[in-house]
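Given next are the chains, with one letter for each unit.
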Amino acid sequence: MKENENKYDGDIAIVGGGIIGSCLACLLGQAGFKVILLDVDTKPKKSSIENDPRVFAITIASEKILKKTGAWSLLNEANISSFRRMHVWDENGTGEIRFESASICEPTMGYIIPHQVILDALHKKIRDLENVIYISGVSPVLIKNETNAITLGIDNGQQYRTKLIVAADGSNSKVRELSNIYYSKHDYKQSALACIVTSEISHDEVARQRFLKDGPLAFLPMKNPFESGIVWSSSPERIGQLLNCDKKMFHSELETAFDNKLGKIQNSTERNIFSLNRAHAEHYVQPRIALIGDSAHTVHPLAGLGANLGLLDAAALAEILIDTFNLERDFGRLQVLRRYERWRKGENKQVMYLLDGFKYLFENQFRSVQWLRNLGLDIIDDMPIVKNAIMMRAMGLKGNLPKFARDYC
Ligand SMILES: Cc1cc2nc3c(=O)[nH]c(=O)nc-3n(C[C@H](O)[C@H](O)[C@H](O)COP(=O)(O)OP(=O)(O)OC[C@H]3O[C@@H](n4cnc5c(N)ncnc54)[C@H](O)[C@@H]3O)c2cc1C
């Protein structure tokens, strides 16, 4: 046996300390893995809603996963709101659908939490975990695969030899690029504008989404009954106009687009824009490499599911790795990682195409399609069994869930 053959700097290197990579680091760190977590950002991100005005709709499954990381109890309560109802309607026609958590005997449908608040809690937890080392301000430049190990070289000249590298470095993943994994991208030719607005009428803990002809507009209820996080998807030209117009004009455009549902818009924070793509990696795994979160897939934000899918990836991968680790087997082997790929790839693909279906259905301007979709909305609204099944699936109460997303464990 060659010298150093059994020397490792850690069990796993996770590249990307966003929500998904940090969640995996917590789950594995608590299970006894020695984790090296790396991020290109110069320091762990500090909580600042002004930096990133995105507020995330978090499912019950994601709540359970975040509870298992220990980060949920560190979330600042002042920033978590729950929503009990959801109202979706179409700009063209009278069709609408309403969901209510009480109809499936659940106190809430999910939570609305600023992105930065979740990240802050996960990073707080990571600082408490002795076996998770956080290295900031670095990016991978080299990946070298051996039979029993993998080496990650980073741009400060350091190298880390571990048994597995996990890519959690978002949609422009450097790990994916260095591993030559093909990533098919479909440009929606849409952008999304996000900011926080104050309305005249209380949101009453209802999440609302109106499908406009060029994209959906969502109002997500925040802790303050008059504040909502908005995500407005439309053509890049329209979003450009909305970004650059003055506040008065923006508020007036927003009131009209939202059918004046919450009355006058009285204030708004800085507007940020995001370009929207659907993308999917051809493979989620290679020997000693696994992709999770946006590095593996990105979806349209119309159902607020991107991070929720990524958290399920992290929980599923953690479950498989921990089971294999506890049996003292090599968890970086392709056969082990393939279990993760088989589990999550199909589920993510289903959601991806379902969301595309919704998007194109609601943007279709043929009168017959408009008529049919309004009729469809009304029919489903009158079918409690179907509606409850949709709701349970979307909330993460049903499906092939990892054990970290279930009640027991
Ligand atoms: C407008 C909008 C609204 C959304 N709303 C919701 C919602 O309501 N609910 C929901 O579930 N999802 C939502 N999403 C989706 C969600 O934002 C993403 O799915 C989620 O942030 C993905 O997390 P991630 O950790 O995989 O990637 P990211 O959040 O992109 O994090 C990647 C991390 O990797 C680091 N990194 C990047 N490159 C490198 C490198 N070369 N080396 C080292 N580190 C690197 C970055 O600094 C970052 O910390 C929304 C998205 C948009 C655009």
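Let us look at the structure shown here. Not measured: the values here are computed from a predicted model. (Residues numbered from 1 in each chain as written. Predicted model: local features only at pLDDT ≥ 70, side-chain atom pairs only at ≥ 80, totals over all residues. Heavy atoms only, no water.)

With that out of the way, let us pick up the overall build of the protein chain. The secondary structure content of the protein chain amounts to 10 helices and 21 strands. Compactness check: the protein chain gives a C-alpha radius of gyration of 22 Å against a globular reference of 22 Å for 409 residues, within 12% of the reference. Its C-alpha atoms give the protein chain principal-axis dimensions of roughly 75 × 45 × 40 Å. Each of the 409 residues in the protein chain was classed as buried or not, and the buried ones make up 54%. Contacts in the protein chain between residues far apart in sequence, at least 24 positions, make up 74% of those at least 6 positions apart. For the protein chain, the centre of its 51 positive side-chain charges and the centre of its 49 negative side-chain charges are spaced 3 Å apart. (Helix = DSSP H or I, 4+ residues; strand = E, 2+ residues; numbered from the N terminus. Rg over C-alpha atoms; globule rule 2.2 N^0.38 Å. Buried < 20%, exposed > 50% of the residue type's maximum accessible area, 1.4 Å probe, protein only. Contact = heavy atoms within 4.5 Å. Lys, Arg positive; Asp, Glu negative; His and termini not counted. Charge placed at Lys NZ, Arg CZ, Asp CG, Glu CD.)

On to a nonpolar patch on the surface, then. On the surface, I379, M383, V386 and I390 cluster together into a nonpolar patch covering about 300 Å² of accessible area. For I390, the location among the structural elements is in helix α10 (residues 384-395). For I390, a relative accessible area of 38% gives the class partly exposed. (Patch = residues over 30% accessible without salt bridge, like charges linked within 9 Å, V, L, I, M, F, W, Y side chains within 5 Å. Areas by Shrake-Rupley, 256 points an atom, 1.4 Å probe, with all protein chains shown as cover. Salt bridge = Lys/Arg side-chain N within 4 Å of Asp/Glu carboxyl O.)

The subject of this paragraph is the sheet that holds strand β4 (residues 81-83). Sheet strands associate in pairs through backbone hydrogen bonding, adopting either a parallel or an antiparallel arrangement. The strand order β3-β7-β4 describes an open sheet built from 3 strands, whose pairing is antiparallel. Pairing within the sheet leaves two strands with one partner each, and these edge strands are β3 (55-58) and β4. Strand-to-strand twist across the sheet, computed as the mean angle between neighbouring axes with direction ignored, equals 30°. Judged from the 4 bridges that link them, β3 and strand β7 (residues 110-114) form a sheet pairing that is antiparallel. Bridging across to β7, A57 finds its partner in I112. Relative to the sheet, helix α3 (residues 115-128) contacts β3 and β7, its axis offset from that of β7 by approximately 85°. (Pairing = 2+ DSSP bridges. Axes fitted to C-alpha atoms, helices over the stretch in contact; angles between N-to-C directions.)

Our next topic: the state of the cysteines. Counted by the stated rule, this structure contains 0 disulfides. C26 takes part in no disulfide bond, and the closest cysteine sulfur, belonging to C23, lies 6.8 Å away. For C26, a relative accessible area of 0% translates into the label buried. (Disulfide = S-S within 2.5 Å.)

Running from N to C, helix α1 (residues 19-30) and α3 cross one another at 30°; their axes reach a closest spacing of 10 Å. Taken together, the axis directions place α1 and α3 in an arrangement best described as roughly parallel. Taken as a pair, α1 and α3 cross one another with a handedness that is left-handed. When α1 is examined against α3, the residues I19, S22, C23, A25, C26 and Q30 are found in contact with a partner set consisting of H115, I118, L119, L122, H123, K125 and I126. Taken together, the residues of the contact of α1 with α3 break down into 8 nonpolar, 4 polar and 1 charged. (Parallel < 35°, antiparallel > 145°, perpendicular 65-115°, else oblique. Left-handed = near helix turned anticlockwise from the far one by under 90°. Nonpolar A, V, L, I, M, F, W, Y, C, P; charged D, E, K, R; others polar.)

Opposite charge on two side chains permits pairing when their charged atoms draw close. On inspection of all chains with the given rule, the structure shows 13 salt bridges. E177 is the partner of K174 in a salt bridge, and the nearest nitrogen-oxygen pair spans 3.4 Å. Here the residue K174 and the residue E177 both occupy positions in helix α4 (residues 174-178), the gap between them amounting to 3 residues, near one helical turn. Judged by relative accessible area, E177 falls into the partly exposed class, the value being 49%. Put simply, D259 and K261 hold a salt bridge, and the shortest N to O gap is 3.9 Å. In this structure, a network of salt bridges that share partners links the residues R210, D259 and K261.

On to the environment of N76, then. Assignment of secondary structure puts N76 in the loop between α2 (60-69) and β4. By relative accessible area, which is 43% here, N76 ends up partly exposed. Separated by 172 residues in the primary sequence, N76 and K248 have C-alpha atoms spaced 32 Å apart.

The next subject is the packing of aromatic side chains. Across all of its chains, the model carries 7 aromatic pairs by this definition. Where F33 meets F325, the ring centres are 4.0 Å apart and the plane angle is 25°; that geometry is what we call stacked. Here F33, found in the loop between α1 and β2 (35-39), pairs with F325, found in helix α7 (residues 306-326); they are 292 residues apart in sequence, far enough to count as distant. With a centroid separation of 5.4 Å and an interplanar angle of 55°, the aromatic rings of W89 and F258 are classed as tilted. (Phe/Tyr/Trp six-rings, centres within 6.5 Å; stacked < 30°, edge-to-face > 60°.)

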